[in-house]
Amino acid sequence: MIAQDIMKSAGVAPRPIYELSGVSRYFKGGEITALDGVDFEIAQGEFHSVIGSSGCGKTTLLKIMAGLMPPSEGRVMLGGKPVLGPRDDIGMMFQQATMFPWRTTIENILLPIEIRRGRKAAMAARPRAEDLLKVVGLAGFEDVYPSSLSGGMAQRAAICRMLISDPDVLLLDEPFSALDEITRDFMNLELQKVCMERNASAFLVTHSISEAVILSDTVHVMSARPGRVVKSVKIDLPRPRTLEMTTLPEFGAYATTIRNLLDKGAFL
Ligand SMILES: Nc1ncnc2c1ncn2[C@@H]1O[C@H](COP(=O)(O)OP(=O)(O)OP(=O)(O)O)[C@@H](O)[C@H]1O
């Protein structure tokens, strides 16, 4: 039983870890409203995703949650403290793995430690990086340069780089969208595994309804610009989720609900 299930069965509501209230973001002196009054909470160990048409503000929302961009209005709290800049307790992953070609796989994974705490701390963290590489099936690739890794392998290394600082929350901007479907499905299940093992909270930006449903506890559906959360759809499927669940009638019903919401106001 995972921590979330234990708390649920004991009637204990997991504590909110991310709290967004009235988050709006304007560009070009207010000419463009990218986000308009976004409110939601993510509890410890929950997986949330956001889905919406191109340009509806998903990446802007993720950047604000990461502390990479301030909101024009509203506030973001993480673990009870306002997010005012990048933090150690936030791990991020993007569509491209962006590994430095002149550093080996393990040197790339240790880079966040080296930047924040120096070379000695990075060397001390090497056994942990090796363990993470084992978890994602990359044992033996420690000293290989990124040019020798496939796209899927590079993204698996990027998962390790995100996890090396032991973040409480993972912010994911379409991390597997450049991969083929089979690898993507596999990576999504790997992602679920690491989140469940660590009771980490995650927030995923995606264009895929089925990916959102299979991974998430809650899917936030956004309207076309200005981006508002039209509805937050709770996905009540047991964990661990499996690919077989995509054939369940409940899965189909969730996907249809989300598609209808998107068809109404947020075209993919
Ligand atoms: N720095 C900026 N200056 C001006 N406008 C911006 C800036 N960043 C984003 N925008 C605008 O804000 C809106 C939301 O952009 P954002 O990248 O967040 O959308 P998105 O939903 O992630 O899109 P996609 O799915 O295509 O990646 C868009 O209209 C975009 O042009």
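Here the structure is a predicted model, which is why all the values come from computation and not from measurement. (Residues numbered from 1 in each chain as written. Predicted model: local features only at pLDDT ≥ 70, side-chain atom pairs only at ≥ 80, totals over all residues. Heavy atoms only, no water.)

1. What to know about the site of the ligand
What surrounds the ligand is a group of 13 residues, the closest being Ser54, Gly55, Lys58, Thr60 and Arg225. Taking serine 54, its side chain carries an N or O atom lying 2.5 Å from an oxygen atom of the ligand. One of the backbone N or O atoms of glycine 55 is found 2.8 Å from an oxygen atom in the ligand. Relative to its unbound accessible area of 630 Å², the ligand is 65% covered by the protein chains. Those elements giving two or more residues to the shell around the ligand turn out to be strand E2 (32-43) and helix H2 (58-66). The leading source of residues in the shell around the ligand is H2, at three residues. In terms of residue class, the shell around the ligand is built from four nonpolar, seven polar and two charged. (Near = heavy atom within 4 Å. Polar contact = N/O pair within 3.5 Å; in protein donor to acceptor, adjacent residues only side chain to side chain. Areas by Shrake-Rupley, 256 points an atom, 1.4 Å probe, with all protein chains shown as cover. Helix = DSSP H or I, 4+ residues; strand = E, 2+ residues; numbered from the N terminus. Nonpolar A, V, L, I, M, F, W, Y, C, P; charged D, E, K, R; others polar.)

2. Here's the deal with the UniProt feature "domain: ABC transporter" (unreviewed entry) in the protein
Following the UniProt record, one finds the feature "domain: ABC transporter" (unreviewed entry) at residues 18-249. In residues 18-249, the share of helix is 33% and the share of strand is 26%. The end C-alpha atoms are 31 Å apart. (UniProt positions renumbered as here; feature names shortened; annotations may be inferred.)

3. Some words on the nonpolar core
Membership of the largest hydrophobic core comes to 54 residues, with the highest contact counts inside it found for Phe47, Leu170, Leu172, Leu191, Val213, Val221 and Ile258. The leading source of residues in this core is helix H6 (residues 151-163), at eight residues. A domain split of this core shows at least three residues from each of domain 1 (18-88 + 171-176 + 202-267) and domain 2 (90-166). Among all residues touching valine 221, those that are not within four sequence positions of it are Ile51, Arg228, Val229, Val230, Lys231, Val233, Ile258, Leu261 and Leu262. In terms of nonpolar packing, the next biggest core, distinct from the first, is built from 25 residues, Tyr18, Cys56, Leu61 and Ile64 among them. (Core = buried A, V, L, I, M, F, W, Y, C linked by side-chain atoms within 4.5 Å. Buried < 20%, exposed > 50% of the residue type's maximum accessible area, 1.4 Å probe, protein only. Domains from an automatic or database assignment. Contact = heavy atoms within 4.5 Å.)

4. Overview of the pattern of salt bridges
Throughout the structure, instances matching the rule amount to 14 salt bridges. Between aspartate 166 and arginine 128 there is a salt bridge, with the nearest N and O atoms lying 3.8 Å from each other. Taken as a pair, aspartate 166 in the loop between H6 and strand E7 (169-173) and arginine 128 in helix H5 (residues 126-135) lie far apart in primary sequence, 38 residues in all. Taking the relative accessible area as the measure of exposure, aspartate 166 reaches 47% and is therefore partly exposed. It is possible to trace a salt-bridge network through shared partners that takes in Arg103, Glu114 and Arg119. (Salt bridge = Lys/Arg side-chain N within 4 Å of Asp/Glu carboxyl O.)

5. Side note on the packing of aromatic side chains
For the structure on display, the rule yields two aromatic pairs. Measuring from ring centre to ring centre gives 5.6 Å for phenylalanine 40 and phenylalanine 203, while their planes differ by 15 degrees; the resulting arrangement is stacked. With phenylalanine 40 in strand E2 and phenylalanine 203 in strand E8 (residues 201-206), the pair connects residues that are 163 residues apart, well separated along the chain. Grouping residues by exposure puts phenylalanine 40 and phenylalanine 203 together as buried. (Phe/Tyr/Trp six-rings, centres within 6.5 Å; stacked < 30°, edge-to-face > 60°.)

6. A short note on the sheet that holds E2
Pairing between the strands of a sheet is mediated by backbone hydrogen bonds and can be parallel or antiparallel. Taken in spatial order, the four strands make up an open sheet running E2-E1-E4-E5, and their pairing is antiparallel. In this open sheet, the two edge strands, each paired with only one partner strand, are E2 and strand E5 (81-82). Where strand E4 (residues 73-78) meets E5, two bridges bridge the pair, whose relative direction is antiparallel. Its bridge partner lying in E5, methionine 77 is registered against proline 82. (Pairing = 2+ DSSP bridges.)

7. A short note on the sheet that holds strand E6 (residues 90-93)
Spatial ordering of the open sheet is given by E6-E7-E8-E3-E9-E10, a layout of six strands whose pairing is mixed. The sheet terminates laterally at E6 and strand E10 (229-234), the two strands that pair on one side only. Strand-to-strand twist in this sheet, taken as the mean axis angle between neighbours without regard to direction, amounts to 15 degrees. Note that strand E3 (residues 47-51) and strand E9 (residues 218-222) share four bridges and pair parallel. Each bridged residue has a counterpart across the sheet, and for isoleucine 51 the counterpart in E9 is valine 221. Set on the sheet, H6 makes contact with E6 and E7; between it and E6 the angle comes to about 165 degrees. (Axes fitted to C-alpha atoms, helices over the stretch in contact; angles between N-to-C directions.)

8. Brief notes about helix H7 (residues 181-198)
Helical geometry: 3.6 residues make up each α-helical turn, so side chains three or four residues apart lie on a common side. Under the 1.5 Å per step criterion, the end-to-end length of H7 is 26 Å for 18 residues, consistent within 8% with the ideal 26 Å. Turning to H7, the residues buried within the fold contact E3, H5, H6, E7, E8 and helix H8 (209-215). The residue sitting at the N-terminus of H7 and contributing the capping side-chain oxygen is aspartate 180; that oxygen lies 3.2 Å from the backbone nitrogen of isoleucine 182. Looking at the residues trailing H7, positive phi occurs at asparagine 199, about 50 degrees. (Expected span 1.5 Å × (residues − 1).)

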